[in-house]
Amino acid sequence: MTNNEFTALVSLLDDPDYAIFQQIEHKLITCGPDVIPVLEQTWEESFDPLAQSRIENIIHKIQFDEVKNELQIWQLNNADDLLDGLMIINRYQYPNMNEDQVYYQLAELRSAAWMGMMYDMSAVEKVRLLNNVIFREFGLSGNTSNYHDPQNSFINQVLETKKGNPISLACIYALVAQKLDLPIYGVNLPKHFVLAYMDESEPSKALFYINVFNRGQIMQEEDIQAFLRQLNLPISPEYTHPCDNPAIIKRVLRNLISAYEHVDNMTKRNDIALLLELIQ
């Protein structure tokens, strides 16, 4: 599309004929993210609320299409990178965020823990060190006062506010631990996501579990089994062994669906449901 064609299309964004507007919208969306800076500039220069509203919706649709594409590509080609999956979800709500800040904060947490790590530490001692760095020094904690806030599921917001839900806290904890070569992985326990510290000599066995929402409380296998019995669920590897990254991302999306339902934002709820459907 030439500049003149693009300018002509944008000039018709306030056309009262909705059918004409739909054609214009479709053409702009098919142009992809390259047109967003020009659309943003047009929004700033416009004094027409209708045109501004339509521009906002077009930008959102373009960005949402990008998130859908990136999430599908992640599942197919890059599912071993949990952080990348979390960042793609972040872009749904924060398409213009400074992503380097997230990488920097995680690197800082890893560095702080590494400084205190000693070779002869036991698994429990290493977890206590991580707990001290992540919860006491950095100040990360569970958002008990606003548990259903959608922001609890976006990693940039969790690192900024230092408040999150069980799975977002567990993701941050596991990302830092794995950068330190610690065998700590997410466990898809119903109602309460936890982490498992795996036995390196027997990879299918958990030495113990970590309740990140309770500041890294160490739990034993009996605790997990008792919790499952309370829920009338079987003691199955599905609930006691580490899950893969796509399962984690799906749970993050389910939490977001529930959160948006809780705050009665059905538009975003339906967007996230579509993302979940794409990777089911």
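Here the structure is shown first, and the text comes after it.
The sections below set out a description of the structure shown in this document. Being a predicted model, the structure only gives us computed values, none of them experimental.

Here's the deal with the side chain of H192
Within the secondary structure layout, H192 lies in the loop between β3 (184-187) and β4 (194-199). Of note is the side chain of H192, whose polar atom sits 2.8 Å from the side chain of N211. H192 has contacts with P166, N211, F213, F227 and R251, leaving out every residue within four places of it along the chain.

What to know about the packing of aromatic side chains
Evaluation of the coordinates by the stated rule reveals 5 aromatic pairs. Look at Y94 and F154: their rings are 5.8 Å apart centre to centre, the planes differ by 85°, and that puts the pair in the edge-to-face class. Here F154 lies in the loop between β1 (141-142) and α8 (155-161) and Y94 lies in the loop between α5 (82-93) and α6 (99-116), a separation of 60 residues in the sequence. For Y94, a relative accessible area of 22% puts it in the partly exposed group. Look at F154 and you get buried, because its relative accessible area is 0%. Ring geometry for Y147 and F213: centres 5.7 Å apart, planes at 85°, overall edge-to-face. Taken together, the residues span a long stretch of sequence, with Y147 in the loop between β1 and α8 and F213 in the loop between β5 (202-211) and β6 (217-219) at a distance of 66 residues. Residue placement shows R54 over the ring face of F21; its charged tip is 4.0 Å from the ring centre.

Observations regarding the sheet that holds β5
Read across the sheet, 4 strands follow the order β3-β4-β5-β6 without closing on themselves; strand pairing throughout is antiparallel. At either end of the open sheet lies a strand with only one pairing partner, and these are β3 and β6. Strand after strand, the sheet turns through a mean of 40° between neighbouring axes, direction not considered. Direction of pairing for β3 relative to β4: antiparallel, over a ladder of 4 bridges. Bridge pairing links Y185 to A196 in β4. Of the strands in this sheet, β3, β4, β5 and β6 touch helix α7 (residues 123-137), which is tilted by about 40° from β5. Helix α10 (residues 221-230) contacts β4, β5 and β6 of the sheet and is inclined by roughly 80° relative to β6.

Topic: the pattern of salt bridges
Evaluated as defined, the whole model comprises 5 salt bridges. Two residues, K61 and E25, come together in a salt bridge whose shortest N-O distance is 2.8 Å. In this pair, K61 sits in helix α4 (residues 49-77) while E25 sits in helix α2 (residues 18-30), placing the two residues 36 residues apart along the sequence. Between E261 and R269 there is a salt bridge, with the nearest N and O atoms lying 2.9 Å from each other. By relative accessible area, R269 is classed as partly exposed at 22%.

Let's talk about empty space enclosed by the protein
Which parts of space are left empty comes out when a probe the size of a water molecule is rolled across the atoms. As enumerated under the stated definition, the model contains 1 cavity of 30 Å³ or more in all. Space inside the largest cavity adds up to approximately 40 Å³. Taken together, L86, S153, I155, S168, C171, I172 and V252 make up the lining of the largest cavity. Per-element accounting of the lining of the largest cavity gives the leading share, 3 residues, to helix α9 (residues 166-179).

Conventions and cut-offs
Within every chain, residues take consecutive numbers counted from 1 along the sequence as written. Side-chain atom pairs in this predicted model are given and counted only at pLDDT of 80 or more, local residue features only at pLDDT of at least 70, and totals for whole chains, interfaces and linings cover all residues. No hydrogens and no water enter the side-chain calculation; it runs on all heavy atoms of the structure. In DSSP terms, a helix is any run of H or I states spanning at least four residues, a strand is any run of E spanning at least two, and both are numbered starting from the N terminus. Here a polar contact means two N or O atoms within 3.5 Å. Within protein one must be a hydrogen donor candidate and the other an acceptor candidate, and residues neighboring in sequence count only if both atoms are side-chain atoms. We call two residues in contact whenever any of their non-hydrogen atoms come within 4.5 Å of each other. By convention, a stacked pair of Phe, Tyr or Trp rings (six-membered ring in the case of Trp) has centres within 6.5 Å and planes under 30 degrees apart, an edge-to-face pair has planes over 60 apart, and any other such pair is tilted. Working definition: with a 1.4 Å probe on protein chains only, accessible area under 20% of the residue-type maximum means buried, over 50% means exposed, and in between means partly exposed. Should the NZ of a Lys or the CZ of an Arg lie within 6 Å of a ring centre and within 35 degrees of the ring normal, that charge is described as sitting over the ring. Note: two strands are recorded as paired if DSSP finds a minimum of 2 bridges between them. Where helices are involved, their axes are fitted lines through C-alpha atoms of the stretch in contact, as for all axes, and angles between N-to-C directions lie from 0 to 180°. Criterion for a salt bridge: a side-chain nitrogen of Lys or Arg within 4 Å of a carboxyl oxygen of Asp or Glu. In this analysis a 1.4 Å probe is tested at points of a 1 Å grid over the protein atoms alone, and where it fits but cannot get out there is a cavity; an open set with protein on both sides within 12 Å along at least five of seven lines is a pocket; lining residues have an atom within 4 Å of a point. Grid points are joined across faces, edges and corners, and a volume is the space filled by probe spheres set on the points.

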